[in-house]
Structures are given as C-alpha cells and as structure tokens.
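Working through the structure, step by step
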Amino acid sequence: MHARTLALVVALAVLTAGCGRAGSIVSPKGSEASKIATTWWIIFGLACAVYLVVGSLIIYAALRGRRRGRSSSRLRENTFIWVGGLLIPLVILLVVAGVTVNSTSALRAPAAGALRIDVTGKLWWWDVRYAGTNVVTANVIHIPAGQDIDLRLTSDNVIHSFWVPELAGKEDTIPGQTNHLRFTANEPGTYLGRCAEFCGLQHAHMDIIVVVETPGDFGRWMARRQSTSSAPESEETTRGAVVFQREACAGCHTIRDTAANGKVGPDLTDFGSRPTIGAGVLDNTPENLERWIYDAPDVKPGTVMPQFHSLPAKDIAALAAYLESLK
Ligand code: CUA
C-alpha cells in the first residue's frame, strides 16, 4: 500500500472512530426511525443517479472533445441546458420535497395510551422521570417494545438535542418549552443516543442509553423501581450511606427513601444499575466511581460535581460500595 493511501485510511479510521458506538440511521429499530430511513434511501438513490449521469456526461464530453461551427448543434445544446440544468433538477427537488414533507408529517403523531416519560437535558446529563410514578433515573431510559412512547423533552439550561438514531429522529430540548418525541420501538435491545446540539464543554459526554425490553421485563423493572429502596446491608455500604449523608453528596443528589433529596445532580436511587458514570464518560465500575468521586472535574472538566480530595480513601471506597449497591 502506498504511504499516501495508508495515511488516508488511518485518517478516515480516526475520523470515524467516534461514530462506532451510536447506532446508525439506516438500521432502524423504531417506527419513526423507519420512516426517516426510507426518506434517506430515496434521497441517497437520487443522489447516486445524479452522480452517475453527470459523471458519465463529463467523461463523454472529455472524450468527444469540442466541435465548432454548426448552429443546429448550438440549438440542441441550449435545449440540453434547459432540460438538464433546470427541468430535471426541479423535478428531483420536488420529489425530495414531497417525500420529506410526507414523512415529516407522519412523524410524532399522538397516540392514546402512550407511556409518558419526562426527559430534561442537564449540564451534561439527562434527567428521566416516569409520569405518574415515583420513578426517577438518569442517562438510561427503560421502555417496553411495541408500546407507543411519548417523551416530553425540555431543558433548564441551554438547548440540547435528544437523538437515538435507531429509534427516532432528533428533537431539541429547549428551555421553557416542551417538545414531544413519539415513537414505538420494534424489538428489545440497547440503543445508544447522543446529544446532537452543541451545548458546551461536555457536549461530547452526554450519552443517553435506551433499554428496550419485552413488556414483561419492563413491568418487572418498573415494579422493582417503584418498591422501597434497599437499605445498606454490609458494614462498608452502611458506612458509605453515613458518609453520603454527612458530606455534600446529599445536598445535590436524591436517593429515594433516604434523607438525601438534593436536586442539582442526577438522582442516584438506581445508580448501581447504570452502565456508565457521568453520562458516558466512564464505565460504571467501583474503581472508576472512586476516581470520579475523588476528582470529577478532572475526569469531566466543567462538571458541577466538585472534587473530594480531602475525603479519606476508605470513605471514598465506602461511598463507591454504597452507590454500587443501589440497584
Ligand atoms: Cu447537550 Cu450537546
């Protein structure tokens, strides 16, 4: 392989490396994503056709060369410009507009009996509340397959955009306004989404994970979430619970059925069941959690979560054990 080709391949691999984890819009697993994918394929097909035709004409013109002096051929060339330069592009754009308007108007149709979930974009994480229940979580949304979902999206800071490509289109979260994202997920699975509107320093670390379950599994998850939180069982988790209430933690975070009812940071009632820490910045392991508690701003610069350098290591370990036990 030539050095230049190799450099190009490496550059492409680096540029697209970040695209690997989030799902693709052309492998839809939800009702709205399917409509969007159909539109995408039609536009892609038209673009390919235009590319092939124009490319062929350029090659043909280059091979044929210039011919002069025949007025009848100039007339033909003028007709060619009118048809190829105006009429055909007009038809193509009208088709694209028709397809786009048609699929856009089919999106977000309200459905009776939809499961309502309130999602708020925060700096830089997602607050998730199941309407009519006491279930609050963060950065992970559990939903049942086959049921209509009505996400009500808002923000209490800047504009974010909620986007899980395999399930539905992008929808902005705008302060002072509630936007609806309605869709139905087709099959169980885990779908990764990202914030799709630049929102500041940690825009890149604002992942949302949608866990689609069978209706039975979702019902069991919901029942478990609604039941009373389990009290700490081991000596270390008990110690962790005491540290949590004693230190600043409880002033910013809520853990249901405890004295902690802070509203600044994410609700931690089911923290141990979440796959990541800091909306995707670290995998959720006890070691990473200790690192996060010790110095969150170092891991995620700009986060509101302060550092706890003065906290003894054994207190941090106990805190991590306690939080990981909340499932
Ligand atoms: Cu939130 Cu970008």
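Coordinates for the structure precede this section.
This is a predicted model, so every value here is computed, not measured.

Structural notes on the overall build of the chain
Along the chain, the regular secondary structure elements total nine helices and twelve strands. Here the chain holds 327 residues, and the buried ones make up 39% of them. Restricting the contact set of the chain to residue pairs at least 6 apart, pairs at least 24 apart contribute 62%. As displayed, the chain offers around 18100 Å² of accessible surface, 62% of which is attributable to carbon and sulfur atoms.

Here we look at the packing of aromatic side chains
Under the definition given, this model contains eight aromatic pairs. Taken together, a centroid distance of 4.9 Å and an interplanar angle of 85 degrees make the contact between W40 and W41 edge-to-face. Among the aromatic residues, ring-to-ring pairing joins W40, W41 and F44 into one connected group.

Let's talk about the sheet that holds strand β6 (residues 160-163)
Here five strands make up an open sheet; going across it, the order is β4-β10-β9-β6-β7 and the pairing mixed. Sheet topology places β4 (140-144) and β7 (171-173) at the edges, where each strand pairs with a single neighbour. On average, adjacent strands in this sheet sit at an angle of 25 degrees to one another, irrespective of strand direction. Packing against the sheet, helix α4 (residues 215-226) makes contact with β4 and β10 (208-213), and its axis sits at approximately 130 degrees to β4.

A short note on the nonpolar core
Counting residues in each nonpolar core, the largest one holds 31 residues, and the members touching the most others are I117, Y130, I141, I143, L151 and F162. Counting only elements with at least two residues in this core, the list comes to β1 (115-121), β2 (126-130), β4, β5 (148-155), β8 (179-184), β9 (189-195), β10 and α4. The residues touching F162, leaving out its near neighbours within four places in the chain, are V119, W126, I141, L151, L153, G169, K170, E171, T173, L181, R194 and I208. Ranked by size, the runner-up nonpolar core spans 26 residues in total, among them A241, I255, L289 and W292.

Concerning a nonpolar patch on the surface
Together, W82, V83, L86, L87, I88, V91 and V95 make up a nonpolar patch on the protein surface, roughly 660 Å² of accessible area in all. Within the secondary structure, V83 sits in helix α3 (residues 71-106). Classification of V83 as partly exposed rests on a relative accessible area of 34%.

A look at the side chain of H253
Within the element layout of this structure, H253 appears in the loop between α6 (249-252) and β11 (276-277). Given the relative accessible area of 11%, H253 is considered buried. Within the structure, the side chain of H253 is placed 2.7 Å from the backbone oxygen of P266, a separation counted as a polar contact. Apart from the residues within four sequence positions on either side, H253 is in contact with F244, A260, N261, G262, G265, P266, L268 and M305.

Some words on the pattern of salt bridges
Inspection of the entire model under this criterion finds 14 salt bridges. The closest approach of N and O atoms between D127 and R129, which form a salt bridge, is 2.6 Å. The exposure class of D127 is buried, given its relative accessible area of 4%. Notably, a salt bridge pairs R246 with D315, separated by 3.0 Å at the nearest N-O pair. Of this pair, R246 sits in helix α5 (residues 235-246) while D315 sits in helix α9 (residues 313-324), and the two are 69 residues apart along the sequence. Several salt bridges converge on common partners, so that one network encompasses R239, R246, E247 and D315.

Some thoughts on the packing of helix α7 (residues 286-294) against α9
In helix packing, the relevant descriptors are the interaxial angle and the interaxial distance, both defined with respect to the helix axes. For the pair α7 and α9, interaxial distance at closest approach is 9 Å and the crossing angle is 120 degrees. Relative to α9, the element α7 lies oblique. Seen from above, α7 lies across α9 with right-handed handedness. Residue-level contacts link P286, L289, E290, I293 and Y294 of α7 to I316, A317, L319, A320, L323 and E324 of α9. Per-class residue counts for the contact of α7 with α9 are nine nonpolar, no polar and two charged.

Some thoughts on the pairing of β1
Counting buried residues in β1 gives five out of seven residues, a clear majority hidden from the surface. Of the pairings in the sheet, the one linking β1 to β5 comprises seven bridges and is parallel in character. Looking at the pairing, L115 lines up with I149 of β5. Across five bridges, β1 lies against β2 in antiparallel orientation. Counterpart to D118 in the pairing with β2 is R129.

Brief notes about the packing of α5 against α9
Contact geometry of α5 with α9 gives a least axis separation of 7 Å together with a crossing angle of 105 degrees. Our classification of the angle between α5 and α9 gives roughly perpendicular. Contacts from E236, T237, R239, G240, A241, V243, F244 and R246 in α5 reach K314, D315, A317, A318, L319, A321, Y322 and L323 in α9. Class assignment for the residues of the contact of α5 with α9 results in nine nonpolar, two polar and five charged.

Rules used in this analysis
- Residues numbered from 1 in each chain as written.
- Predicted model: local features only at pLDDT ≥ 70, side-chain atom pairs only at ≥ 80, totals over all residues.
- Heavy atoms only, no water.
- Helix = DSSP H or I, 4+ residues; strand = E, 2+ residues; numbered from the N terminus.
- Buried < 20%, exposed > 50% of the residue type's maximum accessible area, 1.4 Å probe, protein only.
- Contact = heavy atoms within 4.5 Å.
- Areas by Shrake-Rupley, 256 points an atom, 1.4 Å probe, with all protein chains shown as cover.
- Phe/Tyr/Trp six-rings, centres within 6.5 Å; stacked < 30°, edge-to-face > 60°.
- Pairing = 2+ DSSP bridges.
- Axes fitted to C-alpha atoms, helices over the stretch in contact; angles between N-to-C directions.
- Core = buried A, V, L, I, M, F, W, Y, C linked by side-chain atoms within 4.5 Å.
- Patch = residues over 30% accessible without salt bridge, like charges linked within 9 Å, V, L, I, M, F, W, Y side chains within 5 Å.
- Salt bridge = Lys/Arg side-chain N within 4 Å of Asp/Glu carboxyl O.
- Polar contact = N/O pair within 3.5 Å; in protein donor to acceptor, adjacent residues only side chain to side chain.
- Parallel < 35°, antiparallel > 145°, perpendicular 65-115°, else oblique.
- Left-handed = near helix turned anticlockwise from the far one by under 90°.
- Nonpolar A, V, L, I, M, F, W, Y, C, P; charged D, E, K, R; others polar.

Note that all results are geometric; they support no functional claim without further evidence.
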